[in-house]
Amino acid sequence: MATLLRRTDTFTADEVDVALELIDDSINRSQSSGYECVVACEPLGDGDDEAVMGYLSYGRTPMTEGTYDLYWVAVDPTYRGKGVGKALCRAFEETVRQRDGHLIRVETSSQEAYGGTVQFYTDAGYIEGGRLPGFYKPGDDLIILYRTI
Ligand SMILES: CC(C)(COP(=O)(O)OP(=O)(O)OC[C@H]1O[C@@H](n2cnc3c(N)ncnc32)[C@H](O)[C@@H]1OP(=O)(O)O)[C@@H](O)C(=O)NCCC(=O)NCCS
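Numbering of residues starts from 1 in each chain and follows the order in which that chain's sequence is written. Where local features are concerned, this predicted model is filtered to residues with pLDDT of at least 70; where side-chain atom pairs are given and counted, the filter is 80 or more; whole-chain, interface and lining totals use all residues. Just so you know, side-chain values use all the structure's heavy atoms and leave hydrogens and water out.

1. Brief notes about the state of the cysteines
Item 1. In this description, a disulfide is simply a cysteine sulfur pair whose atoms lie within 2.5 Å. One pass over the full model with this rule turns up zero disulfides.
Item 2. Of the cysteine sulfurs around Cys-37, a residue in no disulfide, the closest is that of Cys-41, at 11 Å.

2. Description of the sheet that holds strand β6 (residues 140-148)
Item 1. Spatially, β1-β2-β3-β4-β6-β5 is the arrangement adopted by the six strands of the open sheet, whose pairing is mixed. Two strands bound the open sheet, and with one partner strand each, they are β1 (35-43) and β5 (127-137). Neighbouring strand axes in the sheet, compared pairwise and without regard to direction, differ in orientation by 25° on average.
Item 2. Only heavy atoms matter for contacts: two residues are in contact if any of them lie within 4.5 Å across the pair. The axes are straight lines fitted to the C-alpha atoms, using for helices just the contacting stretch, and the angles between their N-to-C directions are given from 0 to 180°. Each helix corresponds to a stretch of at least 4 residues labelled H or I by DSSP, and each strand to a stretch of at least 2 residues labelled E; elements are numbered beginning at the N terminus. Along the sheet, helix α2 (residues 13-28) contacts β1, β2 (50-60) and β3 (67-75); its crossing angle with β1, the most-contacted strand, is approximately 95°. Should DSSP find at least two bridges between two strands, the strands are regarded as paired.

3. Observations concerning the pairing of β6
As a general feature of sheets, a regular strand has side chains that alternate between the two faces.
Item 1. Bridge count between strand β4 (residues 103-109) and β6: seven bridges; the pairing is antiparallel. Paired with Ser-109 across the bridge in β6 is Leu-142.
Item 2. Across six bridges, the pairing between β5 and β6 is antiparallel. Each bridged residue has a counterpart across the sheet, and for Lys-137 the counterpart in β6 is Asp-140.
Item 3. Between β5 and β6, which pair antiparallel in sequence order, lie two residues; one of them, Gly-139, sits at a positive phi of approximately 85°.

Have a look at this one:
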């Protein structure tokens, strides 16, 4: 997953570090951290090796009932545009449904590099619920999207 993140040119080095911390917490401290991941893999040849096509990290939103945060979704450039991102969202949403969750929140940036991201979430059924102008920096808004389950 580290290779996948480093191959994603929209993420800064700091963002890659944060994403890796979340993955580490999902694998090693899932109970205490509350972070979890859905990973999409493809078998490589006849052995046990698998290629990571993409992953999505999420967690329950503290101090809410049945609300989840979708923190991060990334698909390796080789596998983009083939429905992997959408399949990761659907798998995550099914988990939320099974746990009696009812709402998913996503936060993203309006800056140009994320333009396709907002479209991706919109295509996946997420609705813009709010915007904080200049939240990340002047001209770069925080966009809050949500989806009810
Ligand atoms: C955004 C991302 C996860 C999409 O993954 P993907 O597997 O390529 O997406 P899918 O093939 O499942 O596409 C699903 C839908 O989103 C749309 N979509 C995906 N990427 C898009 C883009 N860059 N611009 C516009 N629309 C896009 C597709 O047109 C598709 O629509 P459809 O269902 O009507 O056909 C992937 O491009 C990525 O990893 N980007 C870099 C990391 C990133 O920005 N992550 C989000 C912030 S954490």
